[in-house]
Amino acid sequence: MKKALVISGGGSKGAFAGGVAEFLMTRDLRQYDLFLGTSTGSLMVSHLALGMLDELKTLYTNVNQESIFSNNPFVIKKVNGEKVVLINHLNTLWNFINGRKTFGESKNLRKLIRENVTREMFESIRQNNKEVVVTVSNLTANQIEYKSSNDCSYEDFCDWIWGSCNYVPFMSLLEKDKQQYADGGFGALVPIRQAILRGATEIDAIILETEVTQINRIPSKNPFSLLFDVFEFMLAHVERHNITIGKLAANSKDVKLNLYYTPTVLTTNSLIFDQKLMTKWWESGFEYAKSKREELMSEFRPDVLPNDEIEQV
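Note that the coordinates shown come from a computational prediction; the quantities given were computed from them, not determined experimentally. (Residues numbered from 1 in each chain as written. Predicted model: local features only at pLDDT ≥ 70, side-chain atom pairs only at ≥ 80, totals over all residues. Heavy atoms only, no water.)

J.: Run through the overall build of the chain, naming residues and quoting values.
T.: Counting its regular elements, the chain contains 12 helices and 10 strands. For 313 residues, the compact-globule estimate of 2.2 N^0.38 gives 20 Å, and the C-alpha radius of gyration of the chain, at 19 Å, lies within 12% of that figure. C-alpha atoms of the chain, sized along the principal axes, occupy 65 × 50 × 35 Å. Counting the 313 residues in the chain, one finds 52% classified as buried. Long-range pairs, those at least 24 residues apart, make up 77% of the contacts in the chain with a sequence separation of at least 6. Surface summary for the chain: the accessible area is close to 15,400 Å², and the carbon and sulfur share equals 51%. Of the side-chain charges in the chain, 35 are positive and 38 negative, and the distance between the mean point of each set is 4 Å. (Helix = DSSP H or I, 4+ residues; strand = E, 2+ residues; numbered from the N terminus. Rg over C-alpha atoms; globule rule 2.2 N^0.38 Å. Buried < 20%, exposed > 50% of the residue type's maximum accessible area, 1.4 Å probe, protein only. Contact = heavy atoms within 4.5 Å. Areas by Shrake-Rupley, 256 points an atom, 1.4 Å probe, with all protein chains shown as cover. Lys, Arg positive; Asp, Glu negative; His and termini not counted. Charge placed at Lys NZ, Arg CZ, Asp CG, Glu CD.)

J.: Any details on the pairing of strand β1 (residues 3-7)? Residues and values, ideally.
T.: Most of β1 sits out of view: 4 of its 5 residues are buried. Sheet analysis places β1 next to strand β9 (residues 202-207), joined by 5 bridges and oriented parallel. Note on β9: the bridge partner recorded for Lys3 is Glu202. Handedness of the crossover joining β1 and strand β2 (residues 34-38) through helix α1 (residues 14-27): right-handed. (Pairing = 2+ DSSP bridges. Right-handed = clockwise from strand over helix to strand, strands pointing away.)

J.: Account for the pattern of salt bridges, with residues named and values stated.
T.: The tally for this structure, following the rule as stated, stands at 13 salt bridges. In this structure, Arg114 and Glu155 form a salt bridge, with 3.2 Å as the shortest nitrogen-oxygen distance. Here the residue Arg114 occupies a position in helix α6 (residues 107-116), and Glu155 occupies one in helix α8 (residues 154-165), the gap between them amounting to 41 residues. In this structure Glu155 comes out as partly exposed when scored by relative accessible area, which is 30%. Among the ionic contacts, a cluster of salt bridges with common partners joins Asp28, Arg30, Asp204 and Arg293. (Salt bridge = Lys/Arg side-chain N within 4 Å of Asp/Glu carboxyl O.)

J.: Explain the state of the cysteines to me, and be specific about the residues and the numbers.
T.: Taken as a whole and assessed by the stated rule, the structure comprises 0 disulfides. Cys152 takes part in no disulfide bond, and the closest cysteine sulfur, belonging to Cys158, lies 9.1 Å away. Cysteine Cys165 shares no disulfide, and the gap to the nearest cysteine sulfur, in Cys158, comes to 11 Å. Judged by relative accessible area, Cys165 falls into the buried class, the value being 8%. (Disulfide = S-S within 2.5 Å.)

J.: Got a sec to walk through a nonpolar patch on the surface? Specific residues and values, please.
T.: Together, Leu226, Val230, Phe233 and Met234 make up a nonpolar patch on the protein surface, roughly 380 Å² of accessible area in all. Its place among the elements puts Phe233 in helix α10 (residues 223-253). (Patch = residues over 30% accessible without salt bridge, like charges linked within 9 Å, V, L, I, M, F, W, Y side chains within 5 Å.)

J.: A description of the side chain of Lys147 should follow, citing residues and the corresponding values.
T.: On the secondary structure map, Lys147 appears in strand β6 (residues 143-148). In terms of polar contacts, Lys147 uses its side chain to reach the side chain of Glu145, at 2.7 Å. (Polar contact = N/O pair within 3.5 Å; in protein donor to acceptor, adjacent residues only side chain to side chain.)

J.: I'd like to hear about the confidence of the model for the chain, residue by residue, with values.
T.: Mean pLDDT over the chain stands at 91; residues scoring 70 or higher make up 91%. Across residues 304-313, confidence stays below pLDDT 50; counting only partners more than four residues off in sequence or on other chains, it has 9 contacts. (pLDDT = per-residue confidence, 0-100.)

J.: Can you break down helix α2 (residues 40-49) residue by residue, with the values?
T.: Counting buried residues in α2 gives 10 out of 10 residues, a clear majority hidden from the surface. Along α2, the residues that are buried comprise Thr40, Gly41, Ser42, Leu43, Met44, Val45, Ser46, His47, Leu48 and Ala49. Just past α2, the residue Gly51 takes up positive phi, approximately 70°.

J.: Summarise the nonpolar core; cite the residues concerned and give the values.
T.: Leu48, Tyr60, Leu109 and Ile206 are the most contacted members of the largest nonpolar core, which has 66 residues in total. Looking at this core, the element that brings in the most residues is α1, giving 8 residues. Beyond its immediate chain neighbours, meaning those up to four positions away, Tyr60 contacts Gly11, Gly14, Ala15, Thr40, Leu43, Met44, Met278 and Trp282. Counting 21 residues, the second largest nonpolar core, distinct from the first, contains Ile196, Val238, Ile243 and Ala250. (Core = buried A, V, L, I, M, F, W, Y, C linked by side-chain atoms within 4.5 Å.)

J.: Could you give an account of the packing of α2 against α8, naming the residues involved and the relevant values?
T.: Where α2 meets α8, the axes come as close as 6 Å, and the angle between the chain directions of the two elements is 145°. Residues Thr40, Ser42, Leu43 and Ser46 of α2 form the contact with α8, whose participating residues are Phe157, Ile161, Ser164 and Cys165. Looking at the contact of α2 with α8, its residues break down into 4 nonpolar, 4 polar and no charged. (Axes fitted to C-alpha atoms, helices over the stretch in contact; angles between N-to-C directions. Nonpolar A, V, L, I, M, F, W, Y, C, P; charged D, E, K, R; others polar.)

In structure tokens, the structure reads:
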């Protein structure tokens, strides 16, 4: 049997996926051979392949806007006690003046990847016969590409992780080998089918959205917020398409597929990295995976109470 862990895109919501993965790997003792990630998922899978959950938690609960953006296109203001996200017109204008192709720049994220996904980690992944795959969108060739740790150098692998995370036009555009690459989520937000094509017989897929749409967006007030809303609309439908195709492929290949959605809407702007919220989301992900396991146990063995109830008796 070949087991795979798939983590969808979702920006700062990746902290929730970290909590779910922590429970699956430390409490449920799941062991995986294949790890696939898109966008924020691609940033997580190297640590997960090596069981480096403490290091990953430290990373995801300490990251902030400065950790990601070298030129931040957003500004956060408090209005009536609530955080409101606005466009930083000065920063976006500066990018245009300098001939950049995007509203913001995420070069700090590239440095963060080099610091946290080390060459030693990359070699260890190979030595332990684990495969880590990240998803990128090749805008030049108009196709989705999957980059495996088995098939590239360390430097290239870091580039592919960065490219997979770059939510253009708000973040940097990866230009490599005369091609332009962007966030893998534009085409494969949840790469379940790719896991099946690579031989997975059982898949745990963590999806950083609710299973059913739970929000109505407020009307856009400027071109930038409208663009962001349009992207979110398209990605929501890409996600549903990926899951539908993944389910069909799983059924036809007799692959066991376990889906883990967020039970509630975590945020309406996943490019805002708030340390307190991300710490909370990590814990929420852990508790959610725990509660889902207890539900499954009660379904298969109705005579067995969940752990918490057993302790109370």
